[in-house]
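# Commentary on secondary and tertiary structure
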Amino acid sequence: MLLFDADKKQSKQKQGRYSEFQAIVLAGYGHKLYPLSEDNNLPKALLPIANKPMLYYVLDWLERAGVFDVLVITEAVGEYKIGHYLKNDYEGKLKPNMEVVREDVGTADVLRIFSEKIKSDFIVMSCDLVFDLVPHRLLDYHRTHDPTFTTLYFEPNKSEGGGGSSGSNKDDKDPKPIVGVDTNKSRIVYVASSADLDEEFSLRMSLLWKFPCIDIHTTLQDAHLYIFKRWVIDLIVQRKAISSVREHLVPLLIKCQYQKKLLDNEDINKLAATYKNYQETALKYSASWNDDDKNSPVRCQIFIYKTGFCGRGNTIYKYCDLNRHMTKIHMDPRVSPSAEINSKAQVGSDSLVGDDTKIDERTSIKRSTIGAHCAIGKNGKISNSILDNICQVVVCNGAKIMERSQLKDCEVGGAQAKNEQAVEFRDLD
């Protein structure tokens, strides 16, 4: 009996939870979200979307994906608040570890710094990604093709305006990615920024010989979610010049698909050879496997999400769009039970009000997200002008909107206003 119990205990120890992927969640400062992300307010990862921290949605997706080995990397300015949230307020089943970067470095530099903690194939994603893609659709797609990396792009949803836009989306002026996709194998074979291109668009002959059928996309957006093979970390460690995942690492690997000299110069063949493909036998008998796949040490796959919602809250404009969308599908009570709403105040069904917020009489709130511990005085209007397009206003924790104030196309972070009208905020970035 004692021997049986001992064997049973040892068997349970061997059956410990196996993590196929590790997840690296990047939770930076969020300069384009200033002043919402200023030091005395909240770090980007904790900014509320439908009154839940932005980081909550990423962790929830990873939990549903069955990825339990999660590392959240933040900067020193957000160390205490994010650490407090993960330890005390986060209610999910994951137990994320947190590491702090105390210098201004790129995303690939971050992976290099913590390379010893990455033991398996890994997912890199930003804390500002909110999407309804079923996790196993993406992970099974990656497993089936077994590439060097899989990247997620999406068709942007139509914006309804508001949140500092004043009828014009400043994000439309930002450089757009130009993405080339091989039509036969759904590989990403070209990526560039529209700002880096001349008036003429050209492709290398070596690319066209390797991939003669290419679709060029100009409307896709990068979700900044990547699934990498473990050996890619070794490449980052060896190549100190790789500082950014998006700007350096991804373009390098894409070019290695059709530039043999680049493969040799970077010793990528040797690095890739250290990885044993346990699915190779099964893939040889699948319809998607061919000799070209076997002889290609680098294969870059793209998953284009078109059928649902996907967005990033990395600018104020996009952050407002995320709030608007998540408010519409919000399942929890729209007004917190601890909020004090005067009986003569009006809060629209398209708005959310956070914990312990006070709203005085004759105040109207429409299409807005009000954070926790806010105070809104009498006769306030947080909505659109009758003559203007409907807009969204985001009011962050601790803000005070006093009597007879009107907010239009703006963001408030820890501010106080009285008898003022706030309009479009000019982003510093």
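Scoring rules and cut-offs
Residues numbered from 1 in each chain as written. Predicted model: local features only at pLDDT ≥ 70, side-chain atom pairs only at ≥ 80, totals over all residues. Heavy atoms only, no water. Helix = DSSP H or I, 4+ residues; strand = E, 2+ residues; numbered from the N terminus. Expected span 1.5 Å × (residues − 1). Buried < 20%, exposed > 50% of the residue type's maximum accessible area, 1.4 Å probe, protein only. Contact = heavy atoms within 4.5 Å. Phe/Tyr/Trp six-rings, centres within 6.5 Å; stacked < 30°, edge-to-face > 60°. Polar contact = N/O pair within 3.5 Å; in protein donor to acceptor, adjacent residues only side chain to side chain.

The name an unreviewed UniProt entry gives the protein is 755_t:CDS:1, with Dentiscutata heterogama as the organism.

### A closer look at helix α2 (residues 54-65)
Between its first and last C-alpha, α2 extends 18 Å over 12 residues, near the 16 Å set by a 1.5 Å rise per residue. Considered for burial, the residues of α2 that qualify are M54, L55, Y57, V58, L59, W61, L62 and A65. G66 lies just past α2 and shows a positive phi near 80 degrees.

### A look at the environment of H136
The residue H136 is located in helix α5 (residues 135-145) in this model. Taking the C-alpha atoms as reference points, H136 and G66, separated by 70 residues in sequence, lie 9.1 Å from one another. Excluding residues that lie within four positions of it along the chain, H136 makes contacts with R64, A65, Y141 and R143.

### A short note on the packing of aromatic side chains
Here the structure, examined in full by the defined rule, presents 7 aromatic pairs. Ring centres of Y141 and F303 lie 5.1 Å apart, and the angle between their planes is 85 degrees; this geometry places the pair in the edge-to-face category. Placement of Y141 in helix α5 and of F303 in strand β13 (residues 300-305) is noted, with a sequence separation of 162 residues between them. The two residues Y141 and F303 agree in class, both being buried. Each residue in the set F122, F149, Y226 and F228 is aromatic and connected to the rest through ring pairs, giving one cluster.

### Side note on the side chain of Q301
By secondary structure assignment, the location of Q301 is in strand β13. Looking at Q301, its side chain comes within polar contact range of the main-chain oxygen of K185, at 2.4 Å. Within the structure, the side chain of Q301 is placed 3.1 Å from the backbone oxygen of S186, a separation counted as a polar contact. Beyond its immediate stretch of four places on either side in the chain, Q301 contacts Y141, H145, P147, F149, T150, T151, K185, S186, R187 and I188.

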